[in-house]
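# Results of the structural survey
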Amino acid sequence: EIVMTQSPLSLPVTPGEPASISCRSSQSLLHSTGYYYLDWYVQKPGQSPQLLIYLTSNRPSGVPDRFSGSGSGTDFTLKISRVEAEDVGVYYCLQVLQMPYTFGQGTKLEIK
Amino acid sequence: EVQLVESGGGLVKPGGSLRLSCAASGFTFSNGYMSWVRLAPGKGLEWIGRMKSIIDGGTRDYAAPVKGRFTISRDDSKNMLYLQLNSLRLEDTAVYYCTFDSVGYHAFDIWGPGTKVTVSS
């Protein structure tokens, strides 16, 4: 199975400052369509997970534009341009290229 | 409104069984590839398994820790997804979510609120 490794696992951030989370896969997530099959989710306290980014860099409607995703091959990044208090939660990457789908370990974002 | 609502969680002894349900509404359930994901205490999200639509073969795939113990099924006439949990272990204690890709994003954009399963003697 594809192993997903996130870093850091804990991310204290001052409001208004940027934040970045890395996700590395044990093999390329390139699909024959030309897309990298990597998604990002956040699970806020007491809530269900919610989709932030799909297919590496696409933002669903309703997700603030301060969230962006990038990457290729085996290295992917989620960036928050300016962290807000409401961004507190655990962030996960998920590969959907190959069964079984696998999540990264999660990165806990907290406000300083 | 597209909606998923899980039910059936509870307290069960090790070795026991439980069936979780996920009621779907607001979309053509029979076309959906449906997945289960869980969150165990102190752990991260874990994808458990998926069932394709019947029209696409109804294929089921599972994560290694649950393969042979858990079974996903669906009743399209009732817009229901099920997860049969057998031979439960302490480490199966978790909140179980059903989820799916409603718009072809190759991502899970719709999630239920989850149902809690506690395995304890």
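Further up the page is the structure itself.
Described below are features of the structure shown in this document. What you see is a predicted model; the values in this text were computed from it and never measured.

About the thresholds
- Residues numbered from 1 in each chain as written.
- Chains lettered and ligands numbered in written order.
- Predicted model: local features only at pLDDT ≥ 70, side-chain atom pairs only at ≥ 80, totals over all residues.
- Heavy atoms only, no water.
- Helix = DSSP H or I, 4+ residues; strand = E, 2+ residues; numbered from the N terminus.
- Buried < 20%, exposed > 50% of the residue type's maximum accessible area, 1.4 Å probe, protein only.
- Contact = heavy atoms within 4.5 Å.
- Areas by Shrake-Rupley, 256 points an atom, 1.4 Å probe, with all protein chains shown as cover.
- Lys, Arg positive; Asp, Glu negative; His and termini not counted.
- Charge placed at Lys NZ, Arg CZ, Asp CG, Glu CD.
- Buried area = accessible area lost by both parts, 1.4 Å probe.
- Polar contact = N/O pair within 3.5 Å; in protein donor to acceptor, adjacent residues only side chain to side chain.
- Salt bridge = Lys/Arg side-chain N within 4 Å of Asp/Glu carboxyl O.
- 1 Å grid on protein atoms, 1.4 Å probe; cavity = no way out; pocket = protein on both sides within 12 Å on 5 of 7 lines; lining within 4 Å.
- Points joined across faces, edges and corners; volume = space filled by probe spheres on them.
- Nonpolar A, V, L, I, M, F, W, Y, C, P; charged D, E, K, R; others polar.

### Regarding the overall build of chain A
Looking only at helices and strands, one finds zero helices and 10 strands in chain A. Starting at the N terminus and walking to the C terminus, you meet the elements of chain A as β-β-β-β-β-β-β-β-β-β. In terms of overall dimensions, chain A has a C-alpha envelope of 40 × 25 × 25 Å along the principal axes. Within chain A, the fraction of its 112 residues that count as buried is 47%. Taking the intrachain contacts of chain A between residues at least 6 apart in sequence as the baseline, contacts between residues at least 24 apart amount to 54%. Of the roughly 5,100 Å² of accessible surface on chain A, a fraction of 47% belongs to carbon and sulfur atoms. Chain A carries 8 positive and 9 negative side-chain charges, and their two centres are separated by 3 Å.

### Section: the interface of chain B and chain A
When the parts come together, some accessible area is lost, and that loss is often what is quoted as the size of the interface. The partner chain A presents 19 residues to the 20 residues of chain B that form the contact. Each partner contributes to the roughly 1,700 Å² buried at the junction of chain B and chain A, and carbon and sulfur atoms together form 68% of this total. At the junction of chain B and chain A, the tally comes to five residue pairs in polar contact (both at pLDDT 80 or more). Elements with a contribution of two residues or more to the side of chain B that touches chain A: strand S4 (34-39), strand S5 (45-51) and strand S6 (60-62) of chain B. With four residues, S5(B) is the largest single contributor of residues to the side of chain B that touches chain A.

### Things to note about the pattern of salt bridges
Residues and elements named next belong to chain B. Under the counting rule described, the total for this entry stands at nine salt bridges over all chains. Between Glu46 and Arg38 there is a salt bridge; the shortest N-O distance is 2.7 Å. Using a relative accessible area of 25% as the deciding quantity, one classes Glu46 as partly exposed. Between Arg50 and Asp61 there is a salt bridge; the shortest N-O distance is 3.9 Å.

### Description of the layout of surface pockets
Roughly 430 Å³ of volume is contained in the largest pocket. Considering the residues around the largest pocket, the lining is formed by 25 residues, among which Phe103(A), Gly44(B), Leu45(B), Glu46(B) and Trp47(B) are closest to the centre. When residues of the lining of the largest pocket are traced back to their parent elements, those giving at least two are strand S9 (102-103) of chain A together with S4 and S5 of chain B. It is S5(B) that contributes the most residues to the lining of the largest pocket, three residues altogether. Grouping the constituent residues of the lining of the largest pocket by class yields 15 nonpolar, five polar and five charged.

### Re the environment of Gly26(B)
Residues and elements named next belong to chain B. Inspection of the secondary structure puts Gly26 in the loop between strand S3 (18-25) and S4. Spatially, the C-alpha atom of Gly26 lies 10.0 Å from that of Asn79, the residues being 53 residues apart in sequence. What Gly26 contacts, discounting residues up to four positions off in sequence, is Glu1 and Val2.

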